[in-house]
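Close look at the chain arrangement
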Amino acid sequence: MKRIVEIVPARPGWYARWQVTPEATRSYPVTLWALLEEADGTGREVIGVDCVGQWPGADDNEVGGDFVRYLFQTPDSGTPEDAESPTVAELREPGPRRQPIPAA
């Protein structure tokens, strides 16, 4: 069992990228960083929690979505092409929060 050592807000520009289909990724803004460690005080790691509440290794992440990596883009350079930013209303809705990616 891991324990949380520290939580800090993420600065603007950090994104968590997820592979949602073999051809498509989706990036969500990271809202906070958490420093985790094993119960015995070893094995520290930092994870980012995105704006929809997902993080690498969570049991309730988007079905079929696999964490790819964290990425940073300076706020003045815009957002990644695959960036998603759900509305407050969507975040409050119970159940699945994501929609399928429309065919091109």
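Everything discussed here concerns the structure shown above.
What comes next is a walk through the structure.

1. Points about the nonpolar core
Membership of the largest hydrophobic core is limited to eight residues, which are Ala10, Ala16, Trp18, Tyr28, Val30, Trp33, Cys51 and Val52. Counting only elements with at least two residues in this core, the list comes to strand E2 (14-21) and strand E3 (24-38). Once you skip the residues sitting within four places of it in the chain, Ala16 turns out to touch Arg26, Ser27, Tyr28, Val30, Asp50, Phe67, Arg69 and Tyr70.

2. Remarks on the pairing of E3
Of the strand pairs in this sheet, strand E1 (residues 2-9) and E3 are connected by seven bridges, and their pairing is antiparallel. Looking at E3, one finds that Val8 is bridged to Trp33. Turn length for the E2-E3 hairpin, with the two strands adjacent in sequence and antiparallel, is two residues. In this sheet, strand E4 (residues 45-50) lies alongside E3 in antiparallel orientation, the contact comprising six bridges. Within E4, the position partnered with Leu36 by the bridge is Glu45.

3. Considering the pattern of salt bridges
Inspection of the entire model under this criterion finds five salt bridges. Arg3 is the partner of Glu37 in a salt bridge, and the nearest nitrogen-oxygen pair spans 2.4 Å. One end of the pair, Glu37, is in strand E3; the other, Arg3, is in strand E1, and 34 residues separate them in sequence. Shared partners join several salt bridges into a network, and the residues in it are Arg3, Glu37 and Arg44.

4. Description of the packing of aromatic side chains
Applying the stated criterion to the full structure yields five aromatic pairs. Centroid distance Trp18 to Phe67: 5.3 Å. Interplanar angle 70°. Geometry classified as edge-to-face. Highlighted residues: Trp18 in strand E2 and Phe67 in strand E5 (residues 66-72), separated in sequence by 49 residues. Between Phe67 and Tyr70, the ring centres sit 4.8 Å apart and the planes meet at 55°, which makes this aromatic pair tilted. Grouping aromatic residues by their ring pairs yields a cluster made of Trp14, Trp18, Trp33, Phe67, Tyr70 and Phe72.

5. Thoughts on the environment of Ile4
For Ile4, the position within the fold is in strand E1. In the structure, Ile4 is positioned 33 residues away from Glu37 in sequence and 6.7 Å away in space, judged by C-alpha atoms. Discounting residues that sit within four places of it in the chain, Ile4 has contacts with Leu35 and Leu36.

Cut-offs used in this document
- Residues numbered from 1 in each chain as written.
- Predicted model: local features only at pLDDT ≥ 70, side-chain atom pairs only at ≥ 80, totals over all residues.
- Heavy atoms only, no water.
- Core = buried A, V, L, I, M, F, W, Y, C linked by side-chain atoms within 4.5 Å.
- Buried < 20%, exposed > 50% of the residue type's maximum accessible area, 1.4 Å probe, protein only.
- Helix = DSSP H or I, 4+ residues; strand = E, 2+ residues; numbered from the N terminus.
- Contact = heavy atoms within 4.5 Å.
- Pairing = 2+ DSSP bridges.
- Salt bridge = Lys/Arg side-chain N within 4 Å of Asp/Glu carboxyl O.
- Phe/Tyr/Trp six-rings, centres within 6.5 Å; stacked < 30°, edge-to-face > 60°.

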